[in-house]
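Structural features, examined
Chain by chain, the residues run as shown.
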Amino acid sequence: MRSKILKCLFTSKAERKGKRTMKSFRPEQVINGTWGEVWFDGEYLAQVTACKAEVTLKKTAISQCQNLVDGQKVTGLEPKGELKLHKINSFVMNKVNKIVRAGKTPTHTIISNVNDPDAIGAERIAYYGCVIDKMILSDWEAGKTGEESYGFTFQDWEPMQTI
């Protein structure tokens with residue numbers, strides 16, 4: 001691994017041509033989440049305020065003779081995400097309620113896109129086989145605007161457009 005890092009540090013510009021590395025950037029190129037949007041089963045969610053999805057690598061320690069430090073082997077993946085919404089309707093509850101009450105597992109497709117006009121491109125990712133962690137029936141408090149936060153897991157993902 002160290003040799004790969006050193007090779008990268010000491011290769012010429014011509015050798016690195018075509019690779020997506022940046023020595024510098026302009027501040028306006030940093031993605032601004034204000035330009036984000038989400039589709040839930042093909043329906044646009046204007047009320048979305050945040051979207052996050054990540055895949056955690058499950059690892060198993062591998063011990064080796066003559067080495068006090070265990071190595072790590074990836075033995076699984078744990079994909080999960082979260083949507084935050086302004087509470088303007090019962091969209092998610094309506095999508096999940098009938099299916100759950102029938103004893104079935106509702107699965108959904110969620111597509112996230114962030115397309116900041118100042119950035120160097122857009123990033124669009126689809127998440128497939130999404131299962132919402134909980135269904136919010138009511139959550140309100142006097143003097144506060146309504147918000148909903150939905151955690152979810154997913155079975156697969158596809159980077160549709162990357163920067």
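Since the structure is predicted, the reported quantities are computational estimates derived from the model, not experimental observations. (Residues numbered from 1 in each chain as written. Predicted model: local features only at pLDDT ≥ 70, side-chain atom pairs only at ≥ 80, totals over all residues. Heavy atoms only, no water.)

1. A closer look at the pairing of strand β7 (residues 147-153)
To be explicit about the condition: Only when DSSP finds a minimum of two bridges between them are two strands counted as paired. Secondary structure counts use DSSP, requiring at least four H or I residues in a row for a helix and at least two E residues in a row for a strand, with both numbered from the N terminus.
As paired elements, strand β4 (residues 67-86) and β7 share seven bridges and run antiparallel to each other. Counterpart to Gly81 in the pairing with β7 is Phe152. In terms of strand pairing, strand β6 (residues 123-132) meets β7 through two bridges, oriented antiparallel. The residue of β7 that forms the bridge with Ile132 is Phe152.

2. So, the pattern of salt bridges
Spelled out, the test is: Whenever Lys or Arg places a side-chain nitrogen within 4 Å of a carboxyl oxygen from Asp or Glu, that contact is recorded as a salt bridge. With a 1.4 Å probe rolled over the protein chains alone, any residue whose accessible area is under 20% of its type maximum counts as buried; one over 50% counts as exposed, and the rest are partly exposed.
Here the structure, examined in full by the defined rule, presents six salt bridges. In this structure, the salt-bridge partner of Lys52 is Glu54, at a minimum N-O distance of 3.9 Å. Assessed through its relative accessible area of 34%, Glu54 is described here as partly exposed. Residue Lys87 is joined to Glu148 by a salt bridge in which the shortest nitrogen-to-oxygen separation is 3.2 Å. Of this pair, Lys87 sits in the loop between β4 and α3 (91-101) while Glu148 sits in strand β7, placing them 61 residues apart in sequence. Connected through shared salt-bridge partners, Asp41, Glu43 and Lys95 make up one network.

3. Thoughts on the state of the cysteines
Rule in force here: Counting rule for disulfides: a pair of cysteine sulfur atoms within 2.5 Å.
One pass over the structure, following the stated rule, counts zero disulfides. The closest cysteine sulfur to the non-disulfide-bonded Cys51 is located on Cys130, 9.2 Å from its own sulfur.

4. Let's talk about the side chain of Gln29
This is how the line gets drawn: Every residue pair with non-hydrogen atoms within 4.5 Å of one another is taken to be in contact.
Its location among the elements puts Gln29 in the loop between α2 (13-16) and β1 (36-40). Setting aside residues up to four positions removed in sequence, Gln29 forms contacts with Met22, Asp118, Ala119 and Ile120.

5. Comments concerning the packing of aromatic side chains
Here is the rule: Centre distance within 6.5 Å is the pairing criterion for rings of Phe, Tyr and Trp, where only the six-membered ring of Trp is used; planes under 30 degrees apart are then read as stacked, over 60 as edge-to-face, and the remainder as tilted.
Applying the stated criterion to the full structure yields six aromatic pairs. Centre to centre, the rings of Phe154 and Trp157 are 6.1 Å apart; their planes meet at 90°, and the pair counts as edge-to-face. Trp157 gets classed as partly exposed once you look at its relative accessible area, which sits at 34%. Pairwise contacts between aromatic rings join Tyr127, Phe152, Phe154 and Trp157 into one cluster.

6. Things to note about the nonpolar core
Stated precisely, the cut-off is as follows: Put simply, buried Ala, Val, Leu, Ile, Met, Phe, Trp, Tyr and Cys residues joined by side-chain atoms within 4.5 Å make one nonpolar core.
Phe40, Leu45, Leu83, Ile110 and Phe152 are the most contacted members of the largest nonpolar core, which has 18 residues in total. For this core, the secondary-structure elements that each account for two or more residues are β1, β4, α3, β6 and β7. Sort the elements by how many residues they give to this core and β6 lands first, with four residues. Sequence-distant contacts of Leu45, defined by excluding residues within four places in its chain, comprise Val38, Phe40, Leu83, Leu85 and Phe91.

7. Comments concerning a nonpolar patch on the surface
Put simply, the test is: Surface patches are drawn from residues lacking salt bridges whose relative accessible area is over 30%; two like charges belong together within 9 Å, two nonpolar side chains (Val, Leu, Ile, Met, Phe, Trp, Tyr) within 5 Å. Surface exposure here means Shrake-Rupley accessible area, sampled with a 1.4 Å probe, where a residue is shielded only by the protein chains that are shown.
A surface patch of nonpolar side chains, about 560 Å² in accessible area, is lined by Met22, Phe25, Val30, Ile31, Ile120 and Ile163. By the secondary structure assignment, Val30 is in the loop between α2 and β1. Since its relative accessible area comes to 48%, Val30 is described here as partly exposed.

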